[in-house]
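# Coordinate analysis (summary)
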Amino acid sequence: MNIRTFLFGMIATFSSAWLLAIVVPYYKTRELKPVAYEEALDEKTGIYFPKRAGAIETGAKVYAQNGCYVCHSQLVRPTYAGNDIHRDGWAGFKQDPDRGDTRRETIALDYLGESFAQIGVMRIGPDLSNVGTRMRRKAVDLTAKMNETVRPESLLMEHLKNPRAKVENRASTCPSSAFLFDDSGNPKGEAVALVGYLMSMKKDDAVPASLNYAPKSATK
Ligand code: HEC
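Below, the structure is looked at part by part. None of these values were measured; they are calculated from a predicted model.

Calculation criteria
Residues numbered from 1 in each chain as written. Predicted model: local features only at pLDDT ≥ 70, side-chain atom pairs only at ≥ 80, totals over all residues. Heavy atoms only, no water. Helix = DSSP H or I, 4+ residues; strand = E, 2+ residues; numbered from the N terminus. Buried < 20%, exposed > 50% of the residue type's maximum accessible area, 1.4 Å probe, protein only. Contact = heavy atoms within 4.5 Å. Donors = N, O, S within 2.8 Å, 3.2 Å for Na, K, Ca; no water. Tetrahedral: all angles 85-135°; square planar, octahedral: opposite > 155°, others 65-115°. 1 Å grid on protein atoms, 1.4 Å probe; cavity = no way out; pocket = protein on both sides within 12 Å on 5 of 7 lines; lining within 4 Å. Points joined across faces, edges and corners; volume = space filled by probe spheres on them. Phe/Tyr/Trp six-rings, centres within 6.5 Å; stacked < 30°, edge-to-face > 60°. Lys NZ or Arg CZ within 6 Å of the ring centre and 35° of its normal. Near = heavy atom within 4 Å. Polar contact = N/O pair within 3.5 Å; in protein donor to acceptor, adjacent residues only side chain to side chain. Sits in = over half its atoms within 2 Å of the grid points. Axes fitted to C-alpha atoms, helices over the stretch in contact; angles between N-to-C directions. Parallel < 35°, antiparallel > 145°, perpendicular 65-115°, else oblique. Nonpolar A, V, L, I, M, F, W, Y, C, P; charged D, E, K, R; others polar.

Once that is clear, we can look at the overall build of the chain. When its secondary structure is counted, the chain shows 8 helices and 2 strands. Walking the chain from its N terminus toward its C terminus, one meets helices and strands in the order α-β-α-β-α-α-α-α-α-α. Summarising its shape, the C-alpha atoms of the chain cover approximately 75 × 50 × 30 Å along the three principal directions. In the chain, which comprises 220 residues, the share counted as buried stands at 34%. Of all intrachain contacts in the chain linking residues separated by at least 6 positions in sequence, the fraction that spans at least 24 positions is 66%.

What follows is the structure, encoded as structure tokens:
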């Protein structure tokens, strides 16, 4: 093999991987168009647009600054690549009291409106794609159990202040964010923004069937 063949082979190998893994996905997801519901499949018309509320940009910045993405993913993988769908509350709920089975995989459209999709680096802690929904459910359960109103935001605040405060979480490796609270324990602006961002995390609204996120038969 002469040097020209060698160089050509090397360049071809690396550039084809770069094309397929970087360039093609980049152009495919760069400008996402809204997807329309199909009446026959979805039993409704109109377009799908992910629902999100509140000032999430500031919260997303606090999330990034504190490296939450290093241990927490925001990606419910397709069933062929993992069992995320079947983990309690990660992908939605199998039996939501109002909406039935809400579990689904994450799709590219879910990150619409976010300047950076924080899909995460590792999974040391639970996936947070649906942490907002999960905390709401937990608050409802606790309210019923303790006979006093528990707010989902307070659950997150308590967690941020000291993830190891409760006996059942004493071995948690989630770092404390006590520096986001003042001396008397009240949340600073950053904590409020971060909790707002976490509460906005719910990627469980029904998407058009044409996106085929989780065929009903596969999740039963
Ligand atoms: C060193 C890895 C690590 C980092 C960094 C980290 N976490 Fe965690 N986190 C964990 C682990 C492990 C758990 C599971 C144990 C627990 O519930 O405390 C967890 C749990 C959580 C939970 C509870 C989720 C649930 O469904 O019960 C929330 C909310 C959370 N983390 C938010 C954050 C936020 C916000 C940040 C950034 C400020 C952060 N974490 C940074 C490891 C981490």
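The next point concerns the coordination of the iron atom of the ligand. The iron atom of the ligand binds to the protein through His72 (NE2) and Cys174 (SG), with metal-donor distances spanning 2.0 to 2.2 Å. Between the 6 donor atoms coordinating the iron atom of the ligand, the angles at the centre fall across 87 to 177°, so the site counts as octahedral. Linking histidine 72 in the loop between α4 (68–71) and α5 (131–146) with cysteine 174 in the loop between α6 (152–161) and α7 (189–199), this pair joins segments that are 102 residues apart in sequence. Residue histidine 72 is classed as buried on the basis of its relative accessible area, which comes to 12%.

Right, let's talk about the layout of surface pockets for a bit. Approximately 990 Å³ is the volume attributed to the largest pocket. Lining the largest pocket we find 38 residues, and of these Met135, His159, Pro163, Ser172 and Cys174 sit closest to its centre. Elements represented by at least two residues in the lining of the largest pocket include exactly α4, α5, α6 and α7. What the second largest pocket holds in volume is close to 550 Å³.

You can see serine 177 is positioned in the loop between α6 and α7. The contact partners of serine 177, leaving out residues within four places of it in the chain, are Leu160 and Lys161.

To continue, consider the packing of aromatic side chains. For the coordinates displayed, the defined rule picks out 3 aromatic pairs. Considering the side-chain rings of tyrosine 26 and tyrosine 27, the 5.1 Å spacing of their centres and the 85° angle between planes classify their relative orientation as edge-to-face. A relative accessible area of 45% places tyrosine 26 in the partly exposed class. Between arginine 87 and the ring centre of tryptophan 90, over which it is positioned, the NZ or CZ distance is 4.4 Å.

Once that is clear, we can look at unusual backbone geometry. A positive phi is found at glutamate 43, a non-glycine position, where the angle reads about 60°. Along the polypeptide, glutamate 43 turns up in the loop between α2 (39–42) and β2 (47–48). We classify glutamate 43 as exposed; its relative accessible area is 73%. At asparagine 147, a residue that is not glycine, the phi angle is positive and equals roughly 65°. Of the residues examined, asparagine 147 reaches a relative accessible area of 74% and is grouped as exposed.

Close to the ligand lie 20 residues, the nearest being Cys68, Cys71, His72, Ser172 and Cys174. Contact distances for the ligand include 2.8 Å between an oxygen atom and a side-chain N or O atom of arginine 134. Measuring from a nitrogen atom of the ligand, one finds a side-chain N or O atom of histidine 159 at 3.2 Å. The cavity that encloses the ligand is the largest pocket.

Let us look at the packing of helix α3 (residues 56–65) against α7. Look at α3 against α7: their axes get within 7 Å of each other, and the N-to-C directions meet at 105°. When the axes of α3 and α7 are compared, the pair comes out roughly perpendicular. Here α3 contributes Ile56, Thr58, Gly59, Ala60, Val62, Tyr63 and Gln65 to the contact with α7, which in turn contributes Glu190, Ala193, Leu194, Tyr197 and Leu198. Its residues assigned to classes, the contact of α3 with α7 shows 8 nonpolar, 3 polar and 1 charged.

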